[in-house]
Amino acid sequence: METYMILRDLAIILIAAKFFGLVARKCKAPQVVGQIVAGLVIGPCMLGWVQQSDFILQLAEIGVILVMFSAGLTTDLKKLVKTGPVAFAVACVGVFVPLALGTILYMAFYGFAPWGSTEFIKAVFIGSIMTATSVGITVATLQEMGKIKTELGTMIVSAAIIDDVIGIVVLSLVLSMRDPSNKVSTVLLHTVLFFIVAAIGGFLMYHAFKWVDQRYPHTRRIPIISIAYCFAMSYIAERYFGIADITGAFIAGITICSIQDAPYVEEKVDINTYIIFGPIFFASIGLKTNFSDMNAKLMLFSICFVVVALLGKIIGCGAVAKITGHSWSDACKVGVGMMTRGEVALIVTQKGLSAGVISADYFTAVILLIIISSVLTPILLKLLYAKDDGKVRQKA
């Protein structure tokens, strides 16, 4: 693609994302919903003005990394430690329930398959696609509503991060059923090693940042070094340990969230995210959508796939939140906050295609799930929080 075409596409994406974002805000919906709709309108699904490209995908990846880094920066460490055990339980059940329901759904459509058969592995893999949570949209929504620093917001983000790690382990387990070279023990070892390295490195980097912050307070070099550290952690996580890059970005944010200039760093990061990378990330979700090859049976399966995937997270994660002492309203917020799917679901699907477990037809169901969950989650979260905020005002 010629450079001038890239520039044209970026101009269209940014203008459309801003316009539809403002329309969404006028309709009292989060701006991210409008940005996703912008991708649908200007992409192959409708007008066809912009086509998905590797360059746009790479910019979108930077966008979600910066969103997660910002989430880490705004995390309250005390609340993170307090909600850790519950977040882990939410993540575990939030993986198991969609996995089981997805497996059952595939067998309901294509027949029961005996243990270990090709069809059984395909059924379990369909379930494993449903396990992945995309926290980027939830984080952006919570930030927009000013709820990201609350105890519940911290728990949702933590659970989503743990969910992604467990999802990678589940993916390796399913692939190992087809190819013994994919060992689950290796994945578990890499995961443990990553968090050990992240903890030791984070301790050292925190003191290094604290020293720089005291010596050169409120200077631009601090945000620049911080973003470089974010990208480095993202690279290390995925390149050397097989962990999602967004996990590395989130941990980088947590590492420096307690330094004095953390709000200053967040302010500078948000400028880049809000103006360029964030809108491109959310619009890219819509750009991936194309329903031209859809047939009746695949459409029906895709609809059922979306419904089961959404309910699986709401029921599984919400039930754990309720059992651990949260109100029904907060339990619903946890379930809804965990139901978004995005880049991790696409990665899992791509792995299945590469390994020959599933065919490309199932990409339609995954894209439909990403679009619907990405649009519904911000709207439902805003409604749930608005309802509770209204009750608080009435009591006051």
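Data block above holds the structure.
Caption draft 1: Local environment of the pattern of salt bridges. If you walk through the whole model with that rule in mind, you get three salt bridges. Residues aspartate 9 and arginine 8 are paired through a salt bridge, measuring 2.8 Å at the closest nitrogen-oxygen approach. The buried category is assigned to aspartate 9, whose relative accessible area is 3%. The partly exposed category is assigned to arginine 8, whose relative accessible area is 38%. Close ionic contact of lysine 333 with aspartate 330 constitutes a salt bridge, the shortest N to O distance being 3.4 Å. Here lysine 333 pairs with aspartate 330, and both are found in helix H13 (residues 328-337), just three residues apart, close to one helical turn. For lysine 333, a relative accessible area of 4% translates into the label buried.

Caption draft 2: Main features of helix H1 (residues 3-26). An ideal rise of 1.5 Å per residue puts 34 Å on 24 residues; H1 measures up with 35 Å between its terminal C-alpha atoms. Taken residue by residue, H1 has Ile6, Asp9, Leu10, Ile13, Ala16, Ala17, Gly21 and Ala24 as its buried positions. Its buried side turned inward, H1 meets helix H2 (31-42), helix H3 (54-73) and helix H11 (262-287).

Caption draft 3: How the structure looks around the packing of helix H12 (residues 296-323) against H13. One way to put it is that H12 packs onto H13 with a least axis distance of 7 Å and a crossing angle of 140°. In terms of orientation, H12 lies oblique with respect to H13. By crossing handedness, the relation of H12 to H13 is classed as right-handed. Residues Lys313, Ile314, Cys317, Gly318, Ala321 and Lys322 of H12 pack against Trp328, Ala331, Val334, Gly335 and Val336 of H13. Its residues assigned to classes, the contact of H12 with H13 shows seven nonpolar, two polar and two charged.

Caption draft 4: Molecular detail of the nonpolar core. Ranked by size, the top nonpolar core spans 116 residues in total, and within it Phe69, Phe305 and Val334 carry the most contacts. It is H3 that provides the largest number of residues to this core, a total of eleven residues. In this view, phenylalanine 69 contacts Ser226, Ile227, Cys230, Ala249, Ala252, Gly253, Ile256, Val265 and Val269; residues no more than four positions away in its chain are not counted.

Rules used throughout
Residues numbered from 1 in each chain as written. Predicted model: local features only at pLDDT ≥ 70, side-chain atom pairs only at ≥ 80, totals over all residues. Heavy atoms only, no water. Salt bridge = Lys/Arg side-chain N within 4 Å of Asp/Glu carboxyl O. Buried < 20%, exposed > 50% of the residue type's maximum accessible area, 1.4 Å probe, protein only. Helix = DSSP H or I, 4+ residues; strand = E, 2+ residues; numbered from the N terminus. Expected span 1.5 Å × (residues − 1). Contact = heavy atoms within 4.5 Å. Axes fitted to C-alpha atoms, helices over the stretch in contact; angles between N-to-C directions. Parallel < 35°, antiparallel > 145°, perpendicular 65-115°, else oblique. Left-handed = near helix turned anticlockwise from the far one by under 90°. Nonpolar A, V, L, I, M, F, W, Y, C, P; charged D, E, K, R; others polar. Core = buried A, V, L, I, M, F, W, Y, C linked by side-chain atoms within 4.5 Å.

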